[in-house]
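# Coordinate analysis (summary)
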Amino acid sequence: MSRIRFAGLVGVIVALSASTTLSQRAAHRPLTRADIDNIVQLLKIEDTRQFDQEALGRILKSAHPEVRRRAVVTIGRVVDPRGKALLVSVRADRDPDVVATVAFSTGQLKDAEAVVWLGEQLASALAPAAVAFEAARALGKIRSPEARAALAGYLTAPPATPAGALVVGEALLAIGRFTTREDIAPIVRWVSSPSAEVRWRAAWALFRPRDPAAVPHLLKLSDDASPEVRYWAVRGLAPITPPPAPRGRGAAAAASPAPPISYADVAGVDRVTIAARLRDATRDSDRRVRTEALRALAQYDDDASFAIVLAALDSPDTWLSVSAAEAMARFPSRAAAIAPRLMAAAAESKPAALRMMALTPLVTFAPDAALDVAAALARASSPTVRAAGRQALQRLGEPGKARLDALPAEPPAPPRVPPPPRTDADYRRIVERWIVPDYLGAPRPRAVWDTPRGAIEIELYPGDSPVGTDYFVGVVESGAIVGTEFGRVVPNFVAQQRPIAGAITLRDEVSRLGLTRGNLSWASAGLDTGRAGYTLGNAPQPHNEGDFTALGRVVRGMDVVDRLELGDAITAARMIRR
């Protein structure tokens, strides 16, 4: 069986390699009763996070490659240091998909001792594409100096293989997870790739360290034919600040902060040129480019740039108006011009997200005017909006406190609900309902959410996130998800729901699927801390790989996801019978 998963390549895989597929879900070797028993035991180990070395060692010797593969996944999910030795024992497995999964789980364990092996898999012309791909991703998770050196060496001279562009693309994302300023030559060589998929990954890798040396290349990429490339490139054109000075004592500690870095001194490009390019990019044909250009432009303080950012407060597109409102706090010297525009942006007729964002700088620039705005928001129907209004009133001194005291008390936040204990019968039901059919190629379950902006159809990944799938289907079929609002909408990033009433804390099921545009997940503050509601990604999130569950993906209605507004709620939800 081959189940090669490539982050960010859903829907565009053909552009990179016609010979490699995301997942072959054809007829597979049948699972015996003993195989299913082993998978049930693995699911229990994952869910309880109880490392069972004896059971894992035994299951890793199974004759069935799918069972061995799932045992390797379990080791990566439990994240116990004792799993490192078990992973080493199966590096030479005869099934390449098992070996690829070993690389994946090695990355989840952040095993720095495995860097040499991962580097060898990445650089070998004989390594299967899936293995090289996962080796690249794992090195990006480990993030040691040796891991970056292995990625840089590969990008400098990759072996010629049929799936070379796929692996190069992932290696670029992996090296982009290193935010230290180091030699960018291995990345720069890919900015002229004929593949737009490779170029956007190069742009992402270049902007991440905020290195002035990358600016000329990002400036060039900001005019690329592909909007996927342009929006990452313009994001990297925000002014670059120097890294913080090392802490010390005496004279060293008292030294003045370093002055802003001059592009002309370091990169041979002046701020005037970059600001002009960003102003042009705010008129780009692609909404994502316009949004990222405006965000970057908001960090320039020349009159022409400021005028464009200020004007964006009036944009009917909340990706732009909210981004502009967020930037207003950067311009305290222009408070007199900004305050009346913020008041207009905070009017009751404006979208909730814009009103909330405008309130933050308004509290600083015009506190008397902010009182009425904050009090109005504190009475909104949306809990998210009410919380923003109350927080602003708390910052507005005694007048704000008086307004706050006049408001009815907020209901207490619902307590966190731990995951319920599951019986062996529960684990067997989940395996037989979700894992086995998915392995055998059955159509994956789909759900449809109705929202005020339209319908969103989502396909789930039951074989890779069976516990999450089981819970998701339950909240949809019970109707518990209906009425759940999107309480966080970040332009060109995520649309995130508030927790569903009574939602439990979920076990993360990180997999090789990747956090692509349209990914369905849930928010968390670390592995195994999140609750449903759910999060839909507007953009790929390479920096978060390994930290969140890929529960499913949007297959219809991505334009609806991009139009979601703060406070929009699920009006109806249903599972599709296929």
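Overview of the structure. None of the values given here were measured: they were computed from a predicted structure.

Each value, and the rule that gives it
Residues numbered from 1 in each chain as written. Predicted model: local features only at pLDDT ≥ 70, side-chain atom pairs only at ≥ 80, totals over all residues. Heavy atoms only, no water. Helix = DSSP H or I, 4+ residues; strand = E, 2+ residues; numbered from the N terminus. Contact = heavy atoms within 4.5 Å. Lys, Arg positive; Asp, Glu negative; His and termini not counted. Charge placed at Lys NZ, Arg CZ, Asp CG, Glu CD. Pairing = 2+ DSSP bridges. Axes fitted to C-alpha atoms, helices over the stretch in contact; angles between N-to-C directions. Parallel < 35°, antiparallel > 145°, perpendicular 65-115°, else oblique. Nonpolar A, V, L, I, M, F, W, Y, C, P; charged D, E, K, R; others polar. Buried < 20%, exposed > 50% of the residue type's maximum accessible area, 1.4 Å probe, protein only. Polar contact = N/O pair within 3.5 Å; in protein donor to acceptor, adjacent residues only side chain to side chain. Salt bridge = Lys/Arg side-chain N within 4 Å of Asp/Glu carboxyl O. Phe/Tyr/Trp six-rings, centres within 6.5 Å; stacked < 30°, edge-to-face > 60°. Lys NZ or Arg CZ within 6 Å of the ring centre and 35° of its normal.

### Section: the overall build of the protein chain
In terms of helices and strands, the protein chain carries 28 helices and eight strands. Taken along the three principal axes of its C-alpha coordinates, the protein chain extends 75 × 55 × 50 Å. Nonlocal contacts in the protein chain, meaning residues at least 24 apart in sequence, comprise 70% of its contacts between residues at least 6 apart. Where the 73 positive side-chain charges of the protein chain centre and where its 62 negative ones centre are 1 Å apart.

### A closer look at the pairing of strand 7 (residues 552-556)
Taken together, the four bridges between strand 2 (residues 454-460) and strand 7 define a ladder with antiparallel strand orientation. Pairing of Glu 459 across the sheet is with Arg 553, part of strand 7. Pairing geometry for strand 5 (residues 519-522) and strand 7, over two bridges, is antiparallel. Within strand 7, the residue paired with Asn 519 across the bridge is Arg 553.

### What to know about the packing of helix 26 (residues 424-439) against helix 27 (residues 466-477)
Working note: a packed helix pair is described by the angle between its axes plus the distance between those axes. Axis separation between helix 26 and helix 27 bottoms out at 9 Å; the angle between their running directions is 90°. Here helix 27 runs roughly perpendicular to helix 26, going by the angle between their axes. Within the contact between the two elements, helix 26 uses Arg 429, Ile 430, Arg 433, Trp 434 and Ile 435 and helix 27 uses Pro 466, Val 467, Thr 469, Asp 470, Val 473 and Glu 477. Tallied by class, the residues present in the contact of helix 26 with helix 27 amount to six nonpolar, one polar and four charged.

### Description of the sheet that holds strand 3 (residues 486-490)
If you walk across this open sheet you meet the eight strands as 3-4-6-5-7-2-1-8, and the pairing is antiparallel. Edge strands, defined here as strands with exactly one partner in the open sheet, are strand 3 and strand 8 (572-576). On average, adjacent strands in this sheet sit at an angle of 25° to one another, irrespective of strand direction. In the packing of helix 27 onto the sheet, the strands contacted are strand 1 (446-451), strand 2, strand 5, strand 6 (534-537) and strand 8, and the crossing angle to strand 8 comes to about 125°.

### Points about helix 20 (residues 318-327)
Buried residues dominate helix 20, accounting for nine of its ten residues. Among all positions of helix 20, only Thr 318, Trp 319, Leu 320, Ser 321, Val 322, Ser 323, Ala 324, Ala 325 and Ala 327 are buried. Looking at the buried positions of helix 20, the neighbouring elements they touch are helix 18 (287-297), helix 19 (303-311), helix 22 (352-365) and helix 28 (558-563). For helix 20, the N-terminal cap is Asp 317; the gap from its side-chain oxygen to the backbone nitrogen of Trp 319 is 2.9 Å.

### Some points on the pattern of salt bridges
As enumerated under the stated definition, the model contains 41 salt bridges in all. In this structure, Glu 197 and Arg 201 form a salt bridge, with 2.8 Å as the shortest nitrogen-oxygen distance. Of this pair, Glu 197 and Arg 201 both sit in helix 12 (residues 196-207), four residues apart, which is roughly one turn of that helix. With a relative accessible area of 10%, Glu 197 lands in the buried category. Linking Asp 223 and Arg 277 is a salt bridge whose minimum nitrogen-to-oxygen distance equals 3.9 Å. Of the two residues, Asp 223 is situated in the loop between helix 13 (215-221) and helix 14 (227-235) and Arg 277 in helix 17 (residues 271-281); the sequence distance between them amounts to 54 residues. Relative accessible area serves as the criterion here: at 59%, Asp 223 is assigned to the exposed category.

### Details of the packing of aromatic side chains
Applying the stated rule across the entire model yields seven aromatic pairs. When the centroid spacing of 5.9 Å and the interplanar angle of 15° are considered together, the rings of Phe 207 and Trp 232 count as stacked. Here the residue Phe 207 occupies a position in helix 12, and Trp 232 occupies one in helix 14, the gap between them amounting to 25 residues. Trp 232 matches Phe 207 in its accessibility class, with the two residues each being buried. Residues Phe 472 and Tyr 534 carry aromatic rings whose centres are separated by 5.1 Å and whose planes lie at 65° to one another, so their mutual orientation is edge-to-face. Placement of the pair is Phe 472 in helix 27 and Tyr 534 in strand 6, with a sequence separation of 62 residues. For the pair formed by Phe 472 and Tyr 534, the shared burial category is buried. Grouping aromatic residues by their ring pairs yields a cluster made of Trp 200, Phe 207, Tyr 231 and Trp 232. Arg 287 extends its terminal NZ or CZ atom over the ring of Trp 319, reaching a point 3.8 Å from the ring centre. Sitting over the ring of Phe 306, Arg 334 keeps its end group 4.3 Å from the ring centre.

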